[in-house]
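Chain by chain, the residues:
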Amino acid sequence: MIAKANGRPRVGITGLGCYVPDRVLTNEELAELVDTSDEWITTRTGIKERRIAAPEQAMSDLAEPACRAALAQAGVDPSEIDFLVLATVTPDMTFPSTAAIVADRLGMPDAAAYDLSAGCTGFVYAVAQAHAMLASGLSRKALVVGGDVLSRILDWTDRSTLVLFGDGAGAVVMEPLEDGGGFLGFELGADGGGGVHLWLPGSGSRAFEDPEHHIKMNGREVFKFATRVLVHSAEALLDECGLGVDDVDVYVPHQANVRIIDHARRKLGIPEERTVVNVDRYGNTSSGSIPLALADAEQDGRLKAGELVLMTGMGAGLTWGSALIEWTRGIAQ
Ligand code: UT7
């Protein structure tokens, strides 16, 4: 699906927050666990270190501080939130939803709350849903969370996946805006036929002869898919909105692999200095990746009011999604 956000009210991000666990796991430490090296991981992925949740930390424990930070920045009391959507593939448990747990902990008695599963694209999907709720008037103040604790579903003996992923979460408060700006459009898609290239067989109601409780990935296929959709989705959305790559001030791609990011931005024609990269410090945090990158860009002073921000995610499903937003808040305001 693809659509330009034509209507009124415009909807924007009014608060942004993130959280990563304290524990830093370096490439050198991974080289003591499996047959790999800092040199291989750095050259093939650009990742130097990632964060790993403490044994007692679950998804809700990462989401909660991220939400508190986003709410504080927006100046919104938790009780004002009427819609909470949390994108993750590693909820605390299948049910109750992690969103309901977080809403209860934060004190949101009036919020509809549920989880959304769209792999690493989850945050972009969730933002699009919140946008629809707010633009239609069904919601007045929404909280969107993206995050994962992928360390819990990694095979710690499989070097081909172990080195790629990390834990983290980000959250945004979304509200209707009085003036212009905010989201300009979305492009979202899914190709279930490619689902077997990145999956967790045995994690649901389908019976498998050989159930698997760890992430299984065909890295080369996902690489090809990623480089294709990051370019296609961004170009399609810019075109739909009557804009070009030169209009993009800040490009926030999913942080999976620096080679994928470089390929996409070169193909799109977006200069390196307009591209946000933090995969070196966090690895691939799945649904947490885009909000963590947004938060980094804001801390660096790169997100200024009036700037056009392009986000594109891709991941399990296989799914992809882009969102274009004219930034309306930030440290420059
Ligand atoms: O959100 C989406 C999540 N997934 C992704 O974004 C993953 C997309 N794919 C990728 O990023 C890349 O395909 C990888 C980083 C996973 C792999 O890089 P590659 O350049 O495609 O390597 P490869 O799979 O072609 O493997 C090259 C070699 C193989 O050895 P042989 O067969 O050539 O002897 C692998 O066994 O590298 C080996 N290898 C490793 N060696 C050292 C695979 N993983 C490792 C490792 N350390 N960690």
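Source: prediction; values computed, not measured.

**Section: the site of the ligand**
No. 1: With respect to spatial proximity, 23 residues lie near the ligand, and among them T36, R44, R220, H254 and N257 are the closest.
No. 2: The separation between an oxygen atom of the ligand and a polar side-chain atom of H254 is 2.9 Å.
No. 3: Here the ligand, which alone exposes 950 Å², has 75% of that area covered by the protein.
No. 4: Elements that contribute at least two residues to the shell around the ligand include exactly α2 (38-45), α6 (159-162), α7 (219-240) and α8 (258-268).
No. 5: If one sorts the elements of the shell around the ligand by residue count, α7 sits on top with four residues.
No. 6: Partitioned by chemical class, the residues of the shell around the ligand number 11 nonpolar, seven polar and five charged.

**Describing the sheet that holds strand β2 (residues 10-19)**
No. 1: With respect to topology, five strands assemble into an open sheet ordered β2-β8-β7-β5-β6, the strand pairing being mixed. A single partner strand is all that each edge strand has here, and the edge strands are β2 and β6 (112-116). Pairs of neighbouring strands in the sheet enclose a mean axial angle of 20°, with direction left out of account.
No. 2: The pairing of strand β5 (residues 83-87) with β6 spans five bridges and is parallel. Bridge pairing in β6 links L84 to A113.
No. 3: In this fold helix α3 (residues 59-74) packs onto β2, β5, β7 (142-149) and β8 (167-177), with an angle of close to 130° to the strand it touches most, β2.

**Digging into the environment of F183**
No. 1: Within the secondary structure, F183 is located in strand β9 (residues 182-190).
No. 2: Remark: the alpha-carbon pair of F183 and A5, spanning 178 residues in sequence, is separated by 6.7 Å.

**Focus: the environment of L324**
No. 1: Locating L324 in the fold gives a position in strand β14 (residues 319-326).
No. 2: Given the relative accessible area of 0%, L324 is considered buried.
No. 3: Taking the C-alpha atoms as reference, L324 lies 17 Å from C120; in sequence the two are 204 residues apart.
No. 4: Ignoring any residue separated from it by four or fewer positions in sequence, one finds L324 in contact with G182, F183, L184, G185, L237, L238, C241, L243, L308, V309 and L310.

**Brief notes about the environment of G185**
No. 1: Within the secondary structure layout, G185 lies in strand β9.
No. 2: Judged by relative accessible area, G185 falls into the buried class, the value being 0%.
No. 3: In sequence terms G185 and K4 are 181 residues apart; their C-alpha atoms lie 4.1 Å from each other.
No. 4: Residue contacts for G185: discarding those within four places in its chain leaves A3, K4, A5, L237, C241, S322, A323 and L324.

**Regarding the nonpolar core**
No. 1: Counting 41 residues, the largest nonpolar core has Y251, M314 and L324 as the members making the most contacts within it.
No. 2: Residue assignment for this core shows that the elements contributing at least two residues are α7, α8, β13 (308-315) and β14.
No. 3: Considering every element that reaches this core, the biggest residue donor is α7, with nine residues.
No. 4: If we ignore the near neighbours within four places in the chain, the residues touching Y251 are L230, A264, R265, L268, I270, R274, T275, V276, L310 and T312.
No. 5: Formed by 37 residues, the second largest nonpolar core is a distinct cluster that contains V85, L116, Y125 and V127.

**Considerations on the packing of aromatic side chains**
When we look at a pair of aromatic rings, we describe it by the centre distance and by the angle of the planes.
No. 1: Applying the stated criterion across every chain yields a total of four aromatic pairs.
No. 2: Look at F83 and Y114: their rings are 5.7 Å apart centre to centre, the planes differ by 65°, and that puts the pair in the edge-to-face class. One end of the pair, F83, is in strand β5; the other, Y114, is in strand β6, with 31 residues separating them in the sequence.
No. 3: Among the residues examined, Y114 registers a relative accessible area of 29% and is labelled partly exposed.

**Let's talk about helix α5 (residues 122-136)**
No. 1: The end-to-end C-alpha separation of α5 is 21 Å, in line with the 21 Å expected for 15 residues at 1.5 Å each.
No. 2: Along α5, the positions that sit buried rather than exposed are G122, F123, V124, Y125, A126, V127, A128, A130, H131 and L134.
No. 3: With its phi angle positive at about 90°, G137 sits one or two positions after the end of α5.

Procedures and definitions
- Residues numbered from 1 in each chain as written.
- Predicted model: local features only at pLDDT ≥ 70, side-chain atom pairs only at ≥ 80, totals over all residues.
- Heavy atoms only, no water.
- Near = heavy atom within 4 Å.
- Polar contact = N/O pair within 3.5 Å; in protein donor to acceptor, adjacent residues only side chain to side chain.
- Areas by Shrake-Rupley, 256 points an atom, 1.4 Å probe, with all protein chains shown as cover.
- Helix = DSSP H or I, 4+ residues; strand = E, 2+ residues; numbered from the N terminus.
- Nonpolar A, V, L, I, M, F, W, Y, C, P; charged D, E, K, R; others polar.
- Pairing = 2+ DSSP bridges.
- Axes fitted to C-alpha atoms, helices over the stretch in contact; angles between N-to-C directions.
- Contact = heavy atoms within 4.5 Å.
- Buried < 20%, exposed > 50% of the residue type's maximum accessible area, 1.4 Å probe, protein only.
- Core = buried A, V, L, I, M, F, W, Y, C linked by side-chain atoms within 4.5 Å.
- Phe/Tyr/Trp six-rings, centres within 6.5 Å; stacked < 30°, edge-to-face > 60°.
- Expected span 1.5 Å × (residues − 1).

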